[in-house]
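Listed below, chain by chain, are the residues.
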Amino acid sequence: YPPCTPPAKKGFKPGSNMAIQAKGEYSLRDLRQAERFFFYQRKALVVVLTLGILLMLVFGALFIVRDERVSGVIMLGAALYSLVMIFLLPMRNSNRKWKRDLDLREPTEFEFAEDGYRVRGPVGDGYLHWQAFEKWSENQNLFLLYMRTQSAQNIPKHFFSSQADVEAARELFKRHIHKRR
């Protein structure tokens with residue numbers, strides 16, 4: 001793939017001291033953390049699933065108390081299955097992605113600057129302006145930059161060379177990506 005050159009704008013100078021550098025190789029653990037965090041960020045889905053499971057548990061217990069044991073056991077089994085799936089689904093998605101996308105095991109580099117960010121990986125080189133992102137979020141291990149509700153860029157914090165770079169990136173996201181989740 002030929003390199004993608006960002007538009008000439010003030011502020012962004014690839015490879016300059018102004019850009020915050022982050023690079024590393026993704027691990028399966030990085031993918032699992034991102035998938036789990038991304039899944040639980042969808043609050044409405046998690047609330048609906050949790051309420052559904054609670055209702056199944058309550059009705060299952062009521063059926064058992066009312067001597068309708070078969071119905072109660074089926075309802076409790078469905079609740080337990082749903083509960084297990086909520087925790088296993090993110091892990092299953094990340095395992096599939098890890099097996100499918102072999103390029104994730106190759107080094108990936110990010111450069112963050114005032115105009116946007118560049119990502120370089122084994123399958124290409126791209127540049128995005130901050131306006132491309134709807135929101136961002138973070139936890140103790142990673143940043144997620146959301147391009148759409150269902151799509152986010154996972155940037156593990158261990159890709160940064162120092163805690164100061166992590167804090168500088170956070171401040172950059174605060175300035176340029178307005179909705180923080």
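Placed above this text is the structure.
Everything numeric in this text was worked out from a predicted model, so none of it was measured.

With that settled, the discussion passes to the overall build of the protein chain. Each helix and strand counted, the protein chain has four helices and eight strands in total. Reading the protein chain from its N terminus to its C terminus gives the helix and strand order β-α-α-α-β-β-β-β-β-β-α-β. The buried share of the protein chain, taken over its 181 residues, is 36%. Total accessible area on the protein chain stands at roughly 11,000 Å², and carbon and sulfur atoms take up 60% of it.

On to the packing of aromatic side chains. To describe a pair of aromatic rings, you give the distance between the ring centres and the angle between the ring planes. Counting across every chain of the model gives 16 aromatic pairs. With 5.0 Å between their ring centres and 55° between their planes, Tyr26 and Phe159 make a pair best called tilted. A residue pair is termed long-range when its members are at least 10 positions apart, and Tyr26 in the loop between β1 (20–25) and α1 (28–41) and Phe159 in the loop between β7 (151–156) and α4 (163–176) qualify at 133 residues. Overall, the relative accessible area of 9% leaves Tyr26 in the buried class. Judged by centre distance (5.0 Å) and plane angle (85°), the ring pair of Phe143 and Phe173 falls under edge-to-face. Highlighted residues: Phe143 in strand β6 (residues 142–148) and Phe173 in helix α4, separated in sequence by 30 residues. Here Phe143 matches Phe173 in class, with each residue buried.

Calculation notes
Residues numbered from 1 in each chain as written. Predicted model: local features only at pLDDT ≥ 70, side-chain atom pairs only at ≥ 80, totals over all residues. Heavy atoms only, no water. Helix = DSSP H or I, 4+ residues; strand = E, 2+ residues; numbered from the N terminus. Buried < 20%, exposed > 50% of the residue type's maximum accessible area, 1.4 Å probe, protein only. Areas by Shrake-Rupley, 256 points an atom, 1.4 Å probe, with all protein chains shown as cover. Phe/Tyr/Trp six-rings, centres within 6.5 Å; stacked < 30°, edge-to-face > 60°.

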